[in-house]
Amino acid sequence: MTASPPPVLPDERLAAGIARLAVRYHGHFSPETIQRLIIDSYERLAEHARIRTHLVVLAEHLATERLDALAHVQGAPGSGLPRVLFVCSHNAGRSQMAAALLAHRVNGSMFVSSAGTHPAAAVEQVVAQVLTEAGVDLTDAFPKPLTDEVVQAADIVITMGCGDACPIVPGRRYLDWPVTDPEGAPIAVVRSIRDEIDAHITQLLDSLPST
């Protein structure tokens, strides 16, 4: 019986990322699973991209996040940090701010991620600016599509205005933060949105068991 030919890569440069992830996840995931996820990640990002210069790198980052989430769901060793997922429509404003602010405050004691039901092409520049003012780095952030793996892996899912498109998974702790969308808002308003999100984060951290 002849084996099926491997799928055609949408960009031949993805092969290097597939090889790296195959080494990183050796013994946990098959090369076929890794290849499927990295191709799917590339295609999801390409759907919304205006500029494709960095798509190969971003696809590897997204595939890594998805593989880590799968490892967490499957109980792989070293995957046990509490996981918080922020979800909004475009993953270009509110959810990016919330994830960056929470990650900054917990300093590695949680895994924090964000995603969008209809991701935008890029993070809004004013959002990055107000976070920089607060000492929070958003340099490597990019809008990510919401995938089953990251939702299944989350211990807490915090929705921020995605409405009926927000994910529902039985057994998860769900919170909804009714925060104004910063898209198109003047910088003074975006600063107030940042501070409002930070106040929500304080309440969240106060509600969690101390570690």
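Everything below is about the structure shown above.
In this report, the structure presented in the accompanying data block is examined. (Residues numbered from 1 in each chain as written. Predicted model: local features only at pLDDT ≥ 70, side-chain atom pairs only at ≥ 80, totals over all residues. Heavy atoms only, no water.)

Right, let's talk about helix H3 (residues 55-73) for a bit. With 19 residues, H3 extends 27 Å between its outermost C-alpha atoms, agreeing within 8% with the 27 Å of an ideal straight helix rising 1.5 Å per residue. With 14 of 19 residues buried, H3 lies mostly within the body of the structure. Of the residues trailing H3, glycine 75 is marked for its positive phi of about 75°. (Helix = DSSP H or I, 4+ residues; strand = E, 2+ residues; numbered from the N terminus. Expected span 1.5 Å × (residues − 1). Buried < 20%, exposed > 50% of the residue type's maximum accessible area, 1.4 Å probe, protein only.)

Quick look at helix H4 (residues 94-106) now. In a regular helix each residue adds 1.5 Å, so 13 residues correspond to 18 Å; H4 covers 18 Å between its end C-alpha atoms and thus fits that length. Across the 13 residues that make up H4, a large majority, ten, are buried. Among the residues of H4, Arg94, Ser95, Gln96, Met97, Ala98, Ala99, Ala100, Leu101, Leu102 and Val106 are the ones counted as buried. For H4, the secondary structure elements touched by its buried residues are strand S1 (83-88), strand S2 (111-116), helix H5 (125-133) and helix H7 (187-207). (Contact = heavy atoms within 4.5 Å.)

Quick look at the packing of helix H1 (residues 14-24) against helix H2 (residues 31-48) now. Following both chains from N to C, one finds H1 and H2 inclined at 135°, their axes separated by 10 Å at the closest point. Comparing the axis directions of H1 and H2 gives the class oblique. Regarding H1 and H2, the two cross each other, and that crossing is right-handed. Of H2, the residues touching H1 (which contributes Leu14, Gly17, Ile18, Leu21 and Ala22) are Ile34, Gln35, Ile38 and Tyr42. A per-class count over the contact of H1 with H2 returns seven nonpolar, two polar and no charged. (Axes fitted to C-alpha atoms, helices over the stretch in contact; angles between N-to-C directions. Parallel < 35°, antiparallel > 145°, perpendicular 65-115°, else oblique. Left-handed = near helix turned anticlockwise from the far one by under 90°. Nonpolar A, V, L, I, M, F, W, Y, C, P; charged D, E, K, R; others polar.)

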